[in-house]
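Structural overview for review
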Amino acid sequence: MRPDEFLKKYGFDEEDEKDHSLRGRALDHARHLKRPHAGTPHDWEDWERYRHEHPEDIEDESEE
């Protein structure tokens, strides 16, 4: 049994710490889609197409 599993099982687990690794940041970025800050014209075309096809997956920029 891993230490984190033990802590969760016996109620010693406090609030999960935020993952500050590169992987954690990439996952956080992927889960909270916002307008890209840079990219090629092709990236922007893909972004506009995705934004029109999936508006429910995009967060408003005013929420920041």
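Model, not experiment: these values are computed from the prediction.

This part covers the overall build of the protein chain. Helices and strands together make up the secondary structure of the protein chain, namely 3 helices and 0 strands. Helices and strands in the protein chain line up, N terminus first, as α-α-α. Counting over 64 residues, the protein chain shows a buried share of 5%. Counting every atom, the protein chain has about 6200 Å² of accessible surface; 51% of that belongs to carbon and sulfur.

What follows concerns the pattern of salt bridges. Going through the model one piece at a time under the given rule, you end up with 3 salt bridges. For Arg2, the salt bridge identified is with Glu5, shortest N-O distance 3.6 Å.

For the rest of this paragraph, the subject is the packing of aromatic side chains. A complete count under the given rule lists 1 aromatic pair for this structure. Between Phe6 and Tyr10, the ring centres sit 4.8 Å apart and the planes meet at 45°, which makes this aromatic pair tilted.

On the surface, Met1, Phe6, Leu7, Tyr10 and Phe12 cluster together to form a nonpolar patch covering roughly 560 Å² of accessible area. In this structure, Phe6 sits in helix α1 (residues 3-9).

As a further point, take the confidence of the model for the protein chain. Parts of the model with low pLDDT should not have their predicted coordinates read in detail. Here the protein chain averages 80 in pLDDT, and 88% of its residues register 70 or above. Mean pLDDT across the elements of the protein chain ranges from a minimum in α1, with 82, to a maximum in helix α3 (residues 41-53), with 89.

Criteria and thresholds
- Residues numbered from 1 in each chain as written.
- Predicted model: local features only at pLDDT ≥ 70, side-chain atom pairs only at ≥ 80, totals over all residues.
- Heavy atoms only, no water.
- Helix = DSSP H or I, 4+ residues; strand = E, 2+ residues; numbered from the N terminus.
- Buried < 20%, exposed > 50% of the residue type's maximum accessible area, 1.4 Å probe, protein only.
- Areas by Shrake-Rupley, 256 points an atom, 1.4 Å probe, with all protein chains shown as cover.
- Salt bridge = Lys/Arg side-chain N within 4 Å of Asp/Glu carboxyl O.
- Phe/Tyr/Trp six-rings, centres within 6.5 Å; stacked < 30°, edge-to-face > 60°.
- Patch = residues over 30% accessible without salt bridge, like charges linked within 9 Å, V, L, I, M, F, W, Y side chains within 5 Å.
- pLDDT = per-residue confidence, 0-100.

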